[in-house]
Amino acid sequence: MEMTSSERVLSTEEAVACLRAALEGAGVALPSLGIDPVTAATGEPYALVELGRCNVRTAVRLADALRGAAAGGDA
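First things first, this report covers the structure right here in the doc. Computed from a predicted structure; not experimentally measured. (Residues numbered from 1 in each chain as written. Predicted model: local features only at pLDDT ≥ 70, side-chain atom pairs only at ≥ 80, totals over all residues. Heavy atoms only, no water.)

Looking at the overall build of the chain
Looking only at helices and strands, one finds three helices and two strands in the chain. Along the chain, helices and strands appear, N-terminal first, in the series α-β-α-β-α. Evaluated residue by residue, the chain yields a buried proportion of 20% over its 75 residues. Within the chain, residue pairs in contact and separated by at least 24 positions form 44% of the contacts whose partners lie at least 6 positions apart. (Helix = DSSP H or I, 4+ residues; strand = E, 2+ residues; numbered from the N terminus. Buried < 20%, exposed > 50% of the residue type's maximum accessible area, 1.4 Å probe, protein only. Contact = heavy atoms within 4.5 Å.)

Here it is as structure tokens:
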């Protein structure tokens, strides 16, 4: 069964909210995090998540959090 446009956006919104919460838990905020409006309007099963831009300090925090997760520890 094919997903409707509103179902695709809802599942993408849920994914964005989940990602935002996980990033905040790691001390990282991506101000431009959201749903890519172009792919949200297409018939693709899932829209793309737009991570956006961030400053250098945020990029370093994100890299540290990913390294900590890859090492199996808390970042």
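Things to note about the side chain of T12
By secondary structure assignment, the location of T12 is in helix α1 (residues 5–25). Those residues in contact with T12, other than ones at most four positions away along the chain, are I35, Y46, A47, L48 and V49.

Re the side chain of D36
Along the polypeptide, D36 turns up in the loop between β1 (34–35) and α2 (37–40). Reaching out from D36, the side chain makes a polar contact with the side chain of T39 at a distance of 2.9 Å. Other than its neighbours up to four places away in sequence, D36 contacts A47, L48 and E50. (Polar contact = N/O pair within 3.5 Å; in protein donor to acceptor, adjacent residues only side chain to side chain.)

Let's talk about the nonpolar core
Among the nonpolar cores identified, the biggest contains five residues, and these are V16, L23, V28, L30 and L33. If sequence neighbours within four positions are ignored, V28 has contacts with L23, T58, R61 and L62. (Core = buried A, V, L, I, M, F, W, Y, C linked by side-chain atoms within 4.5 Å.)

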